[in-house]
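Coordinates in review
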Amino acid sequence: MKYIDNKLIIEKINVQYIAKKYGTPTYCYSHARLKKNINNFQKNFRSFSPLICFAVKSNTNVNLIREIKKFGLGADVVSKGELMMALKAGVSPKKIVFSGVGKTSEEINFAVEKKILLINAESESEIREIDRVAKIKKRKVKIGIRLNPNTDAKTLSQISTGKKDNKFGVNEKTFFKLVNFCKSSKNIDLKCLSVHIGSQILDYKPYEKMLKVIDRIIHKINHKFEFIDLGGGMGISYKYEDKKLNYSKYSEIIKKFLKKHKSKIIFEPGRSIIGDTGILISKIIYIKKNDSKNFIILDAAMNDLMRPALYGAHHKILPSIKSKKKSNKTYEFVGPICESTDKFNTLKNFQELEEKDLIVICDVGAYGMSLSSNYNVRLKPSEILIKGSKIKIIRKKQKYKDLM
Ligand SMILES: *Cc1c(COP(=O)(O)O)cnc(C)c1O
């Protein structure tokens, strides 16, 4: 994405053109960026060729999952719906892992029937349920156990998952107990130790601590894990000043670990694959001044992009046409929804804006559309994919008749 003659261009397409042709708000993704992210990810960890399972919850568009699959990635799913979506996109069941604390009996049955690579179980009750289903189906089901390593991911508390007071995984003591249960079961094949300590992680040190915990635990158990699933969570730069995750450091630590414990590494990245590939194009409906504030009222709202309202997340905002006229006002970018948290950002020294101008909200590829809703009976936006000078509609805008 760059400005050419002050116009914002994605690959070879002008944002103004997209808005005119497809309306606003619209999610727009870049195939070139997707490719670059995947290539980088693969390159960083090439020395031990991990299985990379895209975390489908970050973006559930079947067309995007299909594109991601073409680069050889598998899928990490957290519901039957996501599993169906991954299969529909053509992802091989042999590359699918199923995570989540509350898989229902129906979901476990479905996963067993589809012969996916791993069900990563998160509690004793779930393992007993898998055992029961496997026995009825006369199958030996491959599972992982998700360990809660009690590691602070140093990220937003709302997206931290690896501390002992989070609902995810099992503690060390339970882990040992469950390993023994699995070994005594004829229906369960314990293949994997899995962890996932949180999201938007920009420092490699929490990962280092997590691996130390895994190392210590494996030493205490007489069991060979074919897979070690390290989860996802690699962060991206949402702000100009965000530091970057040091992938080579992370890779080094893993290589050291693998010298002691030979196993296949699985990753479950979502945000780092898809996050910065997407923008949300929105039009200014009105500009309204209240006392000291200047509200830029957009046609996009928290139902389209919930991260700011849900996590207090920050997203860059850019004008679709750059001008040198700086405004001395403070702009508060809001949506039309009847909630005070329906607010994207407050920015000073932005350029002068007018009603009907277009802006883009950046880095919305992950947890953007997948978290969208119909709150206020608002229609979900369209999604388009750009590849060079080609545009493909990958989801049509919802219609009122879909909702009535
Ligand atoms: C959400 C989630 C991921 C993906 O996290 P990102 O931060 O998007 O990389 C991976 N694994 C599990 C179990 C998850 O819940």
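Definitions and limits used
Residues numbered from 1 in each chain as written. Predicted model: local features only at pLDDT ≥ 70, side-chain atom pairs only at ≥ 80, totals over all residues. Heavy atoms only, no water. Helix = DSSP H or I, 4+ residues; strand = E, 2+ residues; numbered from the N terminus. Rg over C-alpha atoms; globule rule 2.2 N^0.38 Å. Buried < 20%, exposed > 50% of the residue type's maximum accessible area, 1.4 Å probe, protein only. Contact = heavy atoms within 4.5 Å. Areas by Shrake-Rupley, 256 points an atom, 1.4 Å probe, with all protein chains shown as cover. Lys, Arg positive; Asp, Glu negative; His and termini not counted. Charge placed at Lys NZ, Arg CZ, Asp CG, Glu CD. Expected span 1.5 Å × (residues − 1). Arc of directions from axis to C-beta. Near = heavy atom within 4 Å. Polar contact = N/O pair within 3.5 Å; in protein donor to acceptor, adjacent residues only side chain to side chain. Nonpolar A, V, L, I, M, F, W, Y, C, P; charged D, E, K, R; others polar. Core = buried A, V, L, I, M, F, W, Y, C linked by side-chain atoms within 4.5 Å. Domains from an automatic or database assignment. Pairing = 2+ DSSP bridges. Axes fitted to C-alpha atoms, helices over the stretch in contact; angles between N-to-C directions. Buried area = accessible area lost by both parts, 1.4 Å probe. Salt bridge = Lys/Arg side-chain N within 4 Å of Asp/Glu carboxyl O.

Within the chain, the regular secondary structure consists of 12 helices and 20 strands. The C-alpha atoms of the chain give a radius of gyration of 23 Å, which matches the 22 Å a tight globule of 404 residues would have. Expressed as a percentage of its 404 residues, the buried residues of the chain come to 54%. A sequence separation of at least 24 residues applies to 70% of the contacts in the chain between residues at least 6 apart. For the chain, the computed accessible surface area is about 18900 Å², with 51% contributed by carbon and sulfur atoms. Here the chain contributes 80 positive and 40 negative side-chain charges, whose respective centroids are spaced 5 Å apart.

Let us now look at helix α6 (residues 124-136). The first and last C-alpha atoms of α6 sit 19 Å apart over 13 residues, in line with the 18 Å expected at 1.5 Å per residue. All of the buried residues in α6 are E126, I127, I130, D131, V133 and A134. Take α6 and look down its axis: the buried residues cluster within an arc of 170°, on one side only. Exposed and oriented more than 90 degrees from the buried face of α6 are S125, K135 and I136. Close packing links the buried residues of α6 with α5 (105-113), β8 (118-121), β9 (141-146), α7 (172-184) and β10 (188-194).

Okay, the site of the ligand next. In the neighbourhood of the ligand, 14 residues make up the surrounding shell, with K57, S199, G233, E268 and Y367 lying closest. Contact distances for the ligand include 2.7 Å between an oxygen atom and a side-chain N or O atom of K57. One nitrogen or oxygen atom from the side chain of Y367 is found 2.6 Å from an oxygen atom belonging to the ligand. Along the lines of polarity and charge, the residues of the shell around the ligand split into three nonpolar, six polar and five charged.

Judged by nonpolar contacts, the single largest core of 95 residues is most densely connected at L230 and F333. Among the elements that line this core, the one with the most residues is helix α8 (residues 205-220), at seven residues. Residue assignment places this core across two domains, with domain 1 (2-29 + 275-403) and domain 2 (31-273) each supplying three or more. Filtering out sequence-adjacent residues up to four positions away, L230 remains in contact with V195, H196, M210, L211, I214, Y250, I254, I265, I266 and F267. Counting 15 residues, the second-largest nonpolar core is a separate cluster that includes I10, I18, L318 and V360.

Moving on, we come to the sheet that holds β9. Reading around the barrel, the eight strands line up as β5-β6-β7-β8-β9-β10-β11-β12 and close back on themselves, with parallel pairing between neighbours. Recorded for the sheet is a direction-independent mean angle of 30° between the axes of neighbouring strands. Where strand β6 (residues 74-77) meets strand β7 (residues 96-98), three bridges bridge the pair, whose relative direction is parallel. Bridge pairing links V77 to F98 in β7.

Burial runs high along strand β19 (residues 382-387): five of the six residues are buried. Examined bridge by bridge, strand β4 (residues 26-30) and β19 share five bridges and lie parallel to one another. Bridging from a neighbouring strand, S30 pairs with I386 of β19. For β19 and strand β20 (residues 390-395), the ladder comprises five bridges, and the chain directions are antiparallel. Each bridged residue has a counterpart across the sheet, and for L385 the counterpart in β20 is K392. Count of turn residues in the β19/β20 antiparallel hairpin: two residues, of which G388 carries a positive phi of about 65°.

Attention now goes to the domain arrangement of the chain. Per the domain assignment, the segments of the chain are domain 1 (2-29 + 275-403) and domain 2 (31-273). When each unit is reduced to the centre of its C-alpha atoms, the spacing between domain 1 and domain 2 is 32 Å. Across the boundary between the two partners, domain 1 contributes 24 residues, which contact 24 residues of domain 2. When domain 1 packs against domain 2, close to 2300 Å² is buried across both sides, 53% of that on carbon and sulfur atoms. For domain 1, the biggest contributors to the area lost against domain 2 are D276, Y311 and Y367; these three give 26% of the whole. Applying the counting criterion to the domain 1 and domain 2 interface returns one salt bridge. Here R33 and D276 are joined by a salt bridge, their closest N and O atoms 2.7 Å apart. Contributions of two or more residues to the side of domain 1 that touches domain 2 are made by α11 (307-311), β19 and β20. Ranked by residue count, the leading element in the side of domain 1 that touches domain 2 is β19, at four residues. Of the residues in the side of domain 1 that touches domain 2, the class split is nine nonpolar, six polar and nine charged.

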